[in-house]
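Coordinate inspection notes
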Amino acid sequence: MSNAYVMDLSPLDAAPTHWERRPLWTLVQRRDVTGRPDAELLSVYRDHGVVPKSSRDDNFNKPSEDLSSYRYVRPGDLVLNKMKTWQGSLAVSEYEGIVSPAYFVCDLSPEVHPRFAHHLLRSRPYIHLYQAASKGIRPNQWDLPFEEFRGLPMLLPPVEEQRRIADFLDAETARIDQLVLKRRQMRSLLTLKRERVIESTLGLERAKTTDALVPLKYLVADVTVGIVITPAKWYVETGGTPALRGLNVKPGFISTSDLVKISAEGHAENRKSRLNTGDVVVVRTGQAGAAAVVPAELDGANCIDLIVVRPGRKLSSRYLEYVLNSDYASSRVTEHSVGSIQAHFNVGAMKQIPIPSIPRTEQDKIVRLLDIRVGALDLLHRKLDLQEKLLTERRQALITAAVTGQFNVSTASGRNVTDGVTA
């Protein structure tokens, strides 16, 4: 079933009249070369393009033990993650290596400048095309069939014009990327300071030396786990009950922008994983250990593959959230995570995490103090995050304008793209 995105061709229709419009199949040829298990593993990122897997620490998918079926990639090849192309996970590679069999690898025609294709096929109009052409019932299961991809139109300026556009965008996007990198570095420093403030305020080091730590299970009302196996029949598009997943839970925050819904039948069969206001949900797989308090608006919702801690009277939900998101708890989650393909954290290990056993009044005092100290740091973090988003939006707008011929790159400058982004 095709998804509901509407195909918007207007930016492509407005391209200069001397640019060709060609179906991709005349310019892109799929190639399946395997049997190179010793080659470097590559990954495709929406933001970074094709990069060596070893260069990133945020890819939690473990490769297969047998890499002989992985597809060989050469510099200049177009690589697509067919399950995430609709999000922009495709790029022209600058590296030689291998990628998962779930990816498509393609040769580009000599008529196509590789860097122009890289920018064009990752631009906003094309992502809309992929969204419209992908098929599937739920967003995380949308798949772009290669036949659909190869039938899409491609803008094709003369090769020399492609080169000028690519050179312009390489230079301008590199400048914007440096601004983004500086803000990310500042955010990393703030994150480090935040962790130190939490650690010192919680007094975890002192608690370890005074034998004031008690296994979590003795301080809470219950520790359980959300739905582990979710039959496809339980997922519904409309109605139903919201269900949290790991991707919805960040340290100290729950995102409701991408909630799935399960049927009344699925909700009825999983009473233990129903959520109450004040419960603390903990990620089992991926960013294992990330914890957040369930807000009132999600009271009665369900959850999928999350650990659910019901604090009871002895433990403050917010205090527990702070403790579980500290470096102290994160190190224990990492130590006790298991699994050969993708590490996950189980309920038994969760119950054994040592938690400071202090009076509830002291917990509440610590939470109030942390809210003030951490709140100031979080405000700065949000400002930097907003600046990064603005820069990213301007970057994408610049790319779209250049690859669709909205201005002549020979005389244009992208230096106004940072207007409105406060230093």
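For every chain, the first residue of the written sequence is number 1, and numbering continues from 1 along that sequence. Side-chain atom pairs in this predicted model are given and counted only at pLDDT of 80 or more, local residue features only at pLDDT of at least 70, and totals for whole chains, interfaces and linings cover all residues. The basis for every side-chain value is the complete set of non-hydrogen atoms in the structure, without hydrogens or water.

Here we look at the overall build of the protein
Broken down by element type, the protein carries 11 helices and 21 strands. Principal axes of the C-alpha set define a box for the protein whose edges measure 75 × 50 × 45 Å. Each residue is assigned to one of three classes by its accessible area relative to the maximum for its type, calculated with a 1.4 Å probe on protein chains only: buried under 20%, partly exposed between the two thresholds, exposed over 50%. Looking at the protein as a whole, 46% of its 423 residues are labelled buried. For the protein, long-range pairs separated by at least 24 residues make up 78% of all intrachain contacts whose partners lie at least 6 apart in sequence. Of the roughly 20800 Å² that the protein leaves accessible, carbon and sulfur atoms contribute 52%. Runs of E in the DSSP output that reach at least two residues are strands. Runs of H or I that reach at least four are helices, and both are numbered from the N terminus. The contact definition used throughout considers only heavy atoms, calling two residues in contact when any of these lie within 4.5 Å. Note on areas: these come from Shrake-Rupley sampling with a 1.4 Å probe, and a residue is covered only by the protein chains present in the view.

Re the sheet that holds strand S20 (residues 306–310)
Following DSSP output, two strands are said to pair if at least two bridges run between them. Judged by pairing direction, the sheet is antiparallel, and its four strands sit side by side in the order S12-S20-S17-S18 without closing on themselves. Taken across any chain shown, the strands that pair with only one partner, and hence form the sheet edges, are strand S12 (222–225) and strand S18 (291–293). Between one strand axis and the next, the sheet turns through 20° on average, direction left out of account. Relative to S18, strand S17 (residues 280–283) is paired through three bridges, and the arrangement is antiparallel. Bridge pairing in S18 places Val280 opposite Val293. Interaxial angle, 0 to 180 degrees, is taken between N-to-C directions of lines fitted to C-alpha atoms, where a helix line uses only the stretch in contact. Seen against the sheet, helix H8 (residues 317–324) touches S17, S18 and S20 and runs at an angle of roughly 165° to S18.

Description of the packing of H8 against helix H11 (residues 360–403)
Between H8 and H11, the shortest axis-to-axis distance is 9 Å and the interhelical angle comes to 60°. What the angle tells us is that H8 and H11 run oblique. Judged by the twist between their axes, the crossing of H8 over H11 is left-handed. Residues Arg318, Tyr319 and Tyr322 of H8 form the contact with H11, whose participating residues are Gln363, Ile366, Val367, Leu370, Asp371 and Val374. Following the grouping adopted for this structure description, the nonpolar residues are Ala, Val, Leu, Ile, Met, Phe, Trp, Tyr, Cys and Pro, the charged ones are Asp, Glu, Lys and Arg, and the polar ones are all others, Gly among them. Class assignment for the residues of the contact of H8 with H11 results in six nonpolar, one polar and two charged. Under this scheme an angle from 65 to 115 degrees is roughly perpendicular, one under 35 degrees roughly parallel, and one over 145 degrees roughly antiparallel; angles in between are oblique. Crossing handedness is read from the near helix: turned anticlockwise from the far helix by less than a right angle, it gives a left-handed crossing, and turned clockwise, a right-handed one.

A short note on unusual backbone geometry
In this structure, Asp305 is a non-glycine residue whose phi angle is positive, near 55°. The residue Asp305 is located in the loop between strand S19 (302–303) and S20 in this model. Given the relative accessible area of 22%, Asp305 is considered partly exposed.

Notes on the sheet that holds strand S9 (residues 103–108)
Spatial ordering of the open sheet is given by S2-S9-S6-S7, a layout of four strands whose pairing is antiparallel. Each edge of the open sheet is held by one strand with a lone partner, namely strand S2 (28–30) and strand S7 (90–92). Geometrically, the sheet is characterised by an average inter-axis angle of 25° between neighbouring strands, direction not taken into account. With three bridges connecting them, strand S6 (residues 78–81) and S7 associate as antiparallel partners. Within the sheet, the bridge partner assigned to Leu80 lies in S7 and is Leu90.

A look at the packing of helix H5 (residues 159–202) against H11
Where H5 meets H11, the closest approach of the two axes is 10 Å, and the angle between their N-to-C directions is 170°. With respect to H11, the axis of H5 lies roughly antiparallel. Tallied by class, the residues present in the contact of H5 with H11 amount to 23 nonpolar, five polar and 12 charged.

A closer look at the pattern of salt bridges
It is possible for side chains of opposite charge to pair when their charged atoms get near one another. Each salt bridge in this description consists of a side-chain nitrogen of Lys or Arg and a carboxyl oxygen of Asp or Glu lying within 4 Å of one another. For the structure on display, the rule yields 31 salt bridges. Close ionic contact of Asp77 with Arg74 constitutes a salt bridge, the shortest N to O distance being 3.5 Å. Residue Asp77 is classed as buried on the basis of its relative accessible area, which comes to 2%. Taking the relative accessible area as the measure of exposure, Arg74 reaches 34% and is therefore partly exposed. Taking the shortest distance from any N to any O, the salt bridge between Arg194 and Asp378 comes out at 2.8 Å. Here Arg194 is found in helix H5, whereas its partner Asp378 is found in helix H11, with 184 residues between them in sequence. Looking at Arg194, the relative accessible area reads 24%, which means it is partly exposed. The class for Asp378 is partly exposed, based on a relative accessible area of 21%. Ionic contacts of the salt-bridge type, sharing partners, join the residues Arg184, Arg187, Asp385, Glu388 and Lys389 into one network.

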